[in-house]
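Read off the chains here:
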Amino acid sequence: MARAGPSRTQRSQRAPQPSQSQSQRPVRGSRRAAVEEDEDENAGDDDDQDVDINGSQARLADADAELDRKASDLVRFALFMEQKRTLIRREDINKKVLASNSRSFNPVFERAQKLLKKTFAMELVELQSRNYREQDHVVAGDDLQEARNATGIKKKTAAAGSKTYILRSVLDPVIIEEAARTDERLYEEQIADSQEDGDDDDDDMPRSYGCIISWSTTDQLGALGVLHVILAFILVSGRSMTDLDLRAHLKRLGLTSNESISMNAQSTHKSLPIDTYLGQLMKQGYIDRVKLGDTKAAGGKRSRAPAATQANPDEIQAFEWHWGHRSYSEIGEQAIATFVAEFMIERNRDDDAEDDDEDGTTTRGRGKGRTRGENGGGDKKLKNVYGAIERAAGGNLSDVK
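Residues numbered from 1 in each chain as written. Predicted model: local features only at pLDDT ≥ 70, side-chain atom pairs only at ≥ 80, totals over all residues. Heavy atoms only, no water.

Some details on the sheet that holds strand β3 (residues 161-169)
Now for step 1: In space, the 3 strands of this open sheet follow the order β1-β3-β2, with antiparallel pairing throughout. Looking at the sheet topology across the chains shown, the edges are occupied by β1 (88-89) and β2 (122-128).
Now for step 2: Sheet analysis places β1 next to β3, joined by 2 bridges and oriented antiparallel. From the neighbouring strand, I88 faces β3, where its bridge partner is Y165.
Now for step 3: Helix α4 (residues 105-120) contacts β2 and β3 of the sheet and is inclined by roughly 130 degrees relative to β2. (Pairing = 2+ DSSP bridges. Helix = DSSP H or I, 4+ residues; strand = E, 2+ residues; numbered from the N terminus. Contact = heavy atoms within 4.5 Å. Axes fitted to C-alpha atoms, helices over the stretch in contact; angles between N-to-C directions.)

A short note on the packing of helix α9 (residues 221-236) against helix α11 (residues 274-284)
Now for step 1: The N-to-C vectors of α9 and α11 enclose an angle of 75 degrees; their axes lie 12 Å apart at closest approach. Compared by their axis directions, α9 and α11 come out roughly perpendicular. Contact residues: α9 offers A223, L224, V226, L227 and I230, while α11 offers Y277, L278 and L281.
Now for step 2: Considering only residue class, the contact of α9 with α11 consists of 8 nonpolar, no polar and no charged. (Parallel < 35°, antiparallel > 145°, perpendicular 65-115°, else oblique. Nonpolar A, V, L, I, M, F, W, Y, C, P; charged D, E, K, R; others polar.)

Considering the sheet that holds strand β7 (residues 287-291)
Hydrogen bonds between backbone atoms are what pair the strands of a sheet, whose relative direction is either parallel or antiparallel.
Now for step 1: One open sheet accounts for 3 strands, arranged β4-β8-β7; its pairing is antiparallel. Lying at the two open borders of the sheet, with one neighbouring strand each, are β4 (241-242) and β7.
Now for step 2: Two elements, β4 and strand β8 (residues 319-323), share 2 bridges in a ladder whose sense is antiparallel. What sits directly across from M241, in β8, is W321.
Now for step 3: Of the strands in this sheet, β4, β7 and β8 are in contact with α9, which crosses β8 at around 105 degrees.
Now for step 4: Of the strands in this sheet, β7 and β8 touch α11, which is tilted by about 100 degrees from β7.

Focus on a positive patch on the surface
Now for step 1: Together, K84, K95, K96 and K283 make up a positively charged patch on the protein surface.
Now for step 2: Overall, K96 belongs to the exposed group, its relative accessible area being 57%. (Patch = residues over 30% accessible without salt bridge, like charges linked within 9 Å, V, L, I, M, F, W, Y side chains within 5 Å. Areas by Shrake-Rupley, 256 points an atom, 1.4 Å probe, with all protein chains shown as cover. Salt bridge = Lys/Arg side-chain N within 4 Å of Asp/Glu carboxyl O. Lys, Arg positive; Asp, Glu negative; His and termini not counted. Charge placed at Lys NZ, Arg CZ, Asp CG, Glu CD. Buried < 20%, exposed > 50% of the residue type's maximum accessible area, 1.4 Å probe, protein only.)

Describing the packing of aromatic side chains
Now for step 1: For the coordinates displayed, the defined rule picks out 4 aromatic pairs.
Now for step 2: Centre to centre, the rings of F105 and Y165 are 6.4 Å apart; their planes meet at 40 degrees, and the pair counts as tilted. Here F105 is found in helix α4, whereas its partner Y165 is found in strand β3, with 60 residues between them in sequence.
Now for step 3: F105 sits in the buried class, given a relative accessible area of 4%. (Phe/Tyr/Trp six-rings, centres within 6.5 Å; stacked < 30°, edge-to-face > 60°.)

With respect to the side chain of E123
Now for step 1: Relative to the assigned elements, E123 resides in strand β2.
Now for step 2: When sequence neighbours within four positions are dropped, the list of residues in contact with E123 reads Q113, K117, I166, L167, R168 and V170.

Topic: the environment of R69
Now for step 1: Within the secondary structure, R69 is located in helix α2 (residues 20-83).
Now for step 2: According to the relative accessible area criterion, R69 is partly exposed, its value standing at 41%.
Now for step 3: C-alpha of R69 to C-alpha of V108: the two residues are 39 residues apart in sequence and 9.0 Å apart in space.
Now for step 4: Side-chain polar atoms of R69 contact the side chain of E66, separated by 2.6 Å. (Polar contact = N/O pair within 3.5 Å; in protein donor to acceptor, adjacent residues only side chain to side chain.)

Re unusual backbone geometry
Now for step 1: Positive phi outside glycine occurs at A121, with the angle close to 55 degrees.
Now for step 2: Among the secondary structure elements, A121 is positioned in the loop between α4 and β2.
Now for step 3: Phi is positive for R239, close to 70 degrees, though the residue is something other than glycine.
Now for step 4: For R239, the position within the fold is in the loop between α9 and β4.

A short note on the layout of surface pockets
Now for step 1: Roughly 2500 Å³ of volume is contained in the largest pocket.
Now for step 2: Every residue lining the largest pocket is counted, 50 residues in all, and those nearest its centre are R85, W215, D219, L224 and E330.
Now for step 3: Of all the secondary-structure elements, those providing two or more residues to the lining of the largest pocket are α2, β3, α7 (173-180), α9, α11 and α14 (333-359).
Now for step 4: Sorting elements by how many residues they give to the lining of the largest pocket places α7 first, with 6 residues.
Now for step 5: Its residues placed into classes, the lining of the largest pocket shows 27 nonpolar, 13 polar and 10 charged. (1 Å grid on protein atoms, 1.4 Å probe; cavity = no way out; pocket = protein on both sides within 12 Å on 5 of 7 lines; lining within 4 Å. Points joined across faces, edges and corners; volume = space filled by probe spheres on them.)

Looking at the pairing of β2
Now for step 1: Summarising burial for β2: 6 of the 7 residues are buried, a large majority.
Now for step 2: Where β2 and β3 come together, 6 bridges link them in antiparallel fashion. Among the inter-strand pairings, E123 is bridged to a residue of β3, identified as R168.

Points about the pattern of salt bridges
Between side chains of opposite charge, a pair can form when the charged atoms approach closely.
Now for step 1: Following the criterion strictly, the structure yields 16 salt bridges and no others.
Now for step 2: Residue R69 is joined to E66 by a salt bridge in which the shortest nitrogen-to-oxygen separation is 2.6 Å. Of the two residues, R69 and E66 are both situated in helix α2; the distance of 3 residues between them amounts to about one turn of the helix.
Now for step 3: Residue classification places E66 among the partly exposed positions, given a relative accessible area of 33%.
Now for step 4: As a salt-bridge pair, R181 and E177 come within 3.8 Å of each other at their nearest N and O atoms.
Now for step 5: Taking the relative accessible area as the measure of exposure, R181 reaches 46% and is therefore partly exposed.
Now for step 6: Salt bridges sharing partners connect three or more residues here, namely E66, R69, D73 and R76.

Right, here's the structure in full:
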């Protein structure tokens, strides 16, 4: 008789049970899978971080390139304005260079300064405000200043900057002086070349100076000389001069209101009337014209016109002339005083030499001895004349600011 086999329930009960080690195998596999998933997630995070770093570096590179472009635009704008001797105002920089990003003025300005100094040996200089300049002219020994120092009362300081700029050379004055010195051999060669080319009769061609600097193709020498003379008149008159006095001095030099100042080929006009030239100097910031009785130049409020002018509108208003803020930053009082002192000493020396030539050989010997003495005491004479100019100006003379 066939033996009955085990039932399904019995077979399931008799099925071998997995050991403890066998039961842990799936757990180890799940842990390994979890670790691999974590590594994949970490690798994904690293990729995201690399993308973020690369993106930030790209943004920094773009921002740096934008600064370079804006700095180059500012350099071109400054050179263009300086060619016409036009004042560079910060609002014009914001409008024409920076556009809507005016907050980047400082970094763009600093980068443009480095480019100007390295490439053109020039720099942008902010002009001093008129009120600050007038305060700076107050002598320390003034009674009012001494009273303030004694009582401890501090004078309200005006803002130094005017948010107006000019381009100024950073070359050492010694280098400029040597570059402007005439070399006889070079001068003779330039004269010979001009004669071979037949340029003697052409007034528009540059003149030969025998030096590195070609003055005829740069500045207007005649107009520049008149400017220095006007600044000298104002300086030795106590830093201010009435319009009548200035006209009288210019008339003695042959520059009446009907006369014109010649310009070279670089100018759009061959000549400018003296009144037009004075107006141009005012626009360029070299000189200022102030109504008599107007205290605005000294930092106060604008006063009313004199009663005589109010009663008679046709009466010519009286004015006085002052240095402009550009002259203080580009030329300087010390340079003008030195220019006047050297001119006066050289002129006296030439007059003495002419007297010696007229007196003949006997007095020429005395003249030579006197010239040697003058050469020995030339520095002393220059110092004395410079001191006299400083006293006439009414105080210490300032250098370029």
